[in-house]
Amino acid sequence: MTCPGCYAYGDEHLGGEVLLRQVSDYKGKELVNRVIDLVDMHQPLHVSIVGGEPLVRFRELNEILPELAKRRIGTQVVTSAVREIPQEWSRLRQVQIAVSIDGLAPEHDARRKPATYDRILRNIAGHRITVHCTITRQMTERPGYLREFVDFWSQRNEVTRIWMSMFTPQIGETSYEVLSRASRAQVVRELLDLRGVYPKLDMPRGVIEGFLNPPANPDHCIFAKTTSSFTADLKTRVGPCQFGGNPDCSQCGCMASVGLHNIGKHRLAGTIPVAWLFHTSYRVGTAFSKMRKAG
């Protein structure tokens, strides 16, 4: 299953040496043990489990998620809600369920079938979820589209927050998903208006405005430098950031990337930018790590 606009199965997603379809994956107890081993090796503060579709391995997640909760690791499971979400997950305070929804029902159902609106509404029952929508150019062509989307999901009791990102193309990509500069500016204006009307649109002003000035490249991206992404074999890394391949950073639509980039502009005591402090610390830490390995 490949959704429109998805380039995860492209030739360059993993650097060109191997394709995602060629990467092995695991199931059963082997998957559980390998995930926990990887987590214990890296000791992250947060883990995001994405797909594909994580619910394909819901039995394994029934074992993995409590183990991560025992380690006090915040965990986000990003799903299309194509199948029922286990009710026991709702009792794990450290676990957040994020459901990817590509616009209003007619557009979403065409793109995400069989993960249709009807299935989502049925499968999120009894849960508290985050709705995440990636905005594409098509959503900007009808006035009021984003307002209608935010209004619909704001009325659902299961929804605690709504996050919006923008489609991030690969360098040289010309698909119709890509927003023009004018469309990005239009979306920013609309989101700034909507956040004042719908409290569940959980996006600070600085994050929204950050879409107009994303990090210039992965070396300037705090989010890219503070995350490690692995494919299904739990060994092959996705780089230079979670998008893989050759992302066009000038059109980055990642909410986390632009949000942290905007925080990086804040000046401590009015003088030292947070980004300077982070990047300096990162360079020192990287150099020290190399020295330890060499020794």
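Here the structure is a predicted model, which means the values were calculated and not measured.

Student: In this structure, what is going on with the overall build of the protein chain? I would like to understand it.
Tutor: Scanning the protein chain for helices and strands turns up 10 helices and 9 strands. For the protein chain, the C-alpha radius of gyration of 19 Å lies close to 19 Å, the compact-globule estimate for 295 residues. Here the C-alpha coordinates of the protein chain stretch approximately 60 × 50 × 40 Å along the principal axes. Here the protein chain holds 295 residues, and the buried ones make up 44% of them. Considering only intrachain contacts with a sequence separation of at least 6, the fraction spanning at least 24 residues in the protein chain is 69%. Total accessible area on the protein chain is roughly 16000 Å²; 53% of this is exposed by carbon and sulfur atoms. Separation of charge centres in the protein chain, based on 38 positive and 30 negative side chains, amounts to 6 Å.

Student: Quick question: what am I supposed to make of the side chain of Gln170 here?
Tutor: As for its placement among the helices and strands, Gln170 is situated in the loop between β5 (159–166) and α6 (181–195). Polar side-chain contacts of Gln170 include one of 2.7 Å to the backbone nitrogen of Asn246.

Student: Teacher, can you tell me more about the nonpolar core here?
Tutor: One broad rule of soluble globular proteins: the nonpolar side chains tend to lie buried together. Core analysis: the biggest nonpolar cluster contains 62 residues, and Trp89, Phe149, Trp153, Ile162, Met164, Leu191 and Met203 have the highest contact counts within it. Sequence-distant contacts of Trp153, defined by excluding residues within four places in its chain, comprise Ile101, Tyr117, Ile120, Leu121, Ile124, Val131, Val159 and Ile162.

Student: In this structure, what is going on with the pattern of salt bridges? I would like to understand it.
Tutor: Think of it this way: side chains of opposite charge can pair up when their charged atoms draw near. Applying the stated criterion across every chain yields a total of 13 salt bridges. When the shortest N-O distance is used, the salt bridge between Asp102 and Arg111 registers 3.5 Å. For the residue pair Asp102 and Arg111, the accessibility class agrees, reading buried in each case. Asp102 is the partner of Arg112 in a salt bridge, and the nearest nitrogen-oxygen pair spans 2.9 Å. Of this pair, Arg112 sits in helix α3 (residues 105–112) while Asp102 is found in the loop between β3 (95–100) and α3, placing the two residues 10 residues apart along the sequence. A relative accessible area of 7% means that Asp102 is categorised as buried. In the salt-bridge network here, residues are joined through shared partners; they are Asp40, Glu67, Lys70 and Arg71.

Student: What exactly am I supposed to notice about the layout of surface pockets here?
Tutor: Rolling a probe over the atoms, with the probe sized like a water molecule, indicates the empty space that remains. Roughly 400 Å³ of volume is contained in the second largest pocket. Elements that contribute at least two residues to the lining of the second largest pocket include exactly α8 (222–225), β7 (237–238) and α10 (274–294). Grouping the amino acids of the lining of the second largest pocket by side-chain chemistry returns 7 nonpolar, 6 polar and 3 charged.

Student: Explanation requested: the packing of aromatic side chains in the structure shown.
Tutor: Where two aromatic rings form a pair, the distance of their centres and the angle of their planes describe that pair. Scanning the model with the defined rule gives 4 aromatic pairs in all. Three or more aromatic residues joined by ring pairs make a cluster, and in this case those are Tyr117, Phe152 and Trp153. Sitting over the ring of Tyr176, Arg137 keeps its end group 4.5 Å from the ring centre.

Student: Mind showing me how you'd approach a nonpolar patch on the surface here?
Tutor: Nonpolar side chains collect at one region of the surface, where Leu268, Ile272, Trp276 and Leu277 lie side by side and expose about 370 Å² of accessible area between them. Of note, Leu268 is situated in strand β8 (residues 267–268). Since its relative accessible area comes to 37%, Leu268 is described here as partly exposed.

Each value, and the rule that gives it
- Each chain carries its own residue numbering, running from 1 in the written order of its sequence.
- Thresholds applied to this predicted model are a pLDDT of at least 70 for local features of residues and 80 or more for the giving and counting of side-chain atom pairs; totals over whole chains, interfaces and linings are not thresholded and use all residues.
- Note: side-chain values were computed over all heavy atoms of the structure, leaving out hydrogens and water.
- To qualify as a helix, a DSSP run of H or I must reach at least 4 residues; to qualify as a strand, a run of E must reach at least 2; elements of each kind are numbered from the N terminus.
- As defined in this context, the radius of gyration uses C-alpha atoms, and a globule is described by 2.2 Å times the residue total to the power 0.38.
- When accessible area is computed with a 1.4 Å probe and restricted to protein chains, residues below 20% of their type maximum are described as buried, those above 50% as exposed, and intermediate ones as partly exposed.
- Residue contacts follow a heavy-atom distance rule, with two residues in contact if any of their heavy atoms lie within 4.5 Å.
- Note on areas: Shrake-Rupley with a 1.4 Å probe; residue coverage comes only from the protein chains shown.
- For the charge count, each Lys or Arg is scored as positive and each Asp or Glu as negative, with His and the chain ends excluded.
- Charge coordinates come from a single atom per side chain, which is NZ of Lys, CZ of Arg, CG of Asp or CD of Glu.
- Two N or O atoms form a polar contact when they lie within 3.5 Å of each other; inside protein one atom must be a possible hydrogen donor and the other a possible acceptor, and for residues adjacent in sequence the pair counts only when both atoms belong to side chains.
- Grouping buried Ala, Val, Leu, Ile, Met, Phe, Trp, Tyr and Cys residues that are joined through side-chain atoms within 4.5 Å yields what is termed a nonpolar core.
- Take a side-chain nitrogen of Lys or Arg and a carboxyl oxygen of Asp or Glu: if they are within 4 Å of each other, that pair is a salt bridge.
- Any residue with an atom within 4 Å of a point lines the site, the site being either a cavity, points on a 1 Å grid over the protein atoms alone where a 1.4 Å probe fits but cannot get out, or a pocket, an open set with protein on both sides within 12 Å along at least 5 of 7 lines.
- Grid points are joined across faces, edges and corners, and a volume is the space filled by probe spheres set on the points.
- When residue character is reported, Ala, Val, Leu, Ile, Met, Phe, Trp, Tyr, Cys and Pro are called nonpolar, Asp, Glu, Lys and Arg charged, and the others, Gly included, polar.
- Side-chain rings of Phe, Tyr and Trp, where Trp is taken by its six-membered ring, are said to pair if the distance between their centres is within 6.5 Å; with planes under 30 degrees apart they count as stacked, over 60 as edge-to-face, and otherwise as tilted.
- When the NZ atom of lysine or the CZ atom of arginine is within 6 Å of a ring's centre and also within 35 degrees of its normal, the charge is said to sit over that ring.
- To count toward a patch, a residue needs a relative accessible area over 30% and no salt bridge; like charges are then connected within 9 Å, while nonpolar side chains (Val, Leu, Ile, Met, Phe, Trp, Tyr) are connected within 5 Å.

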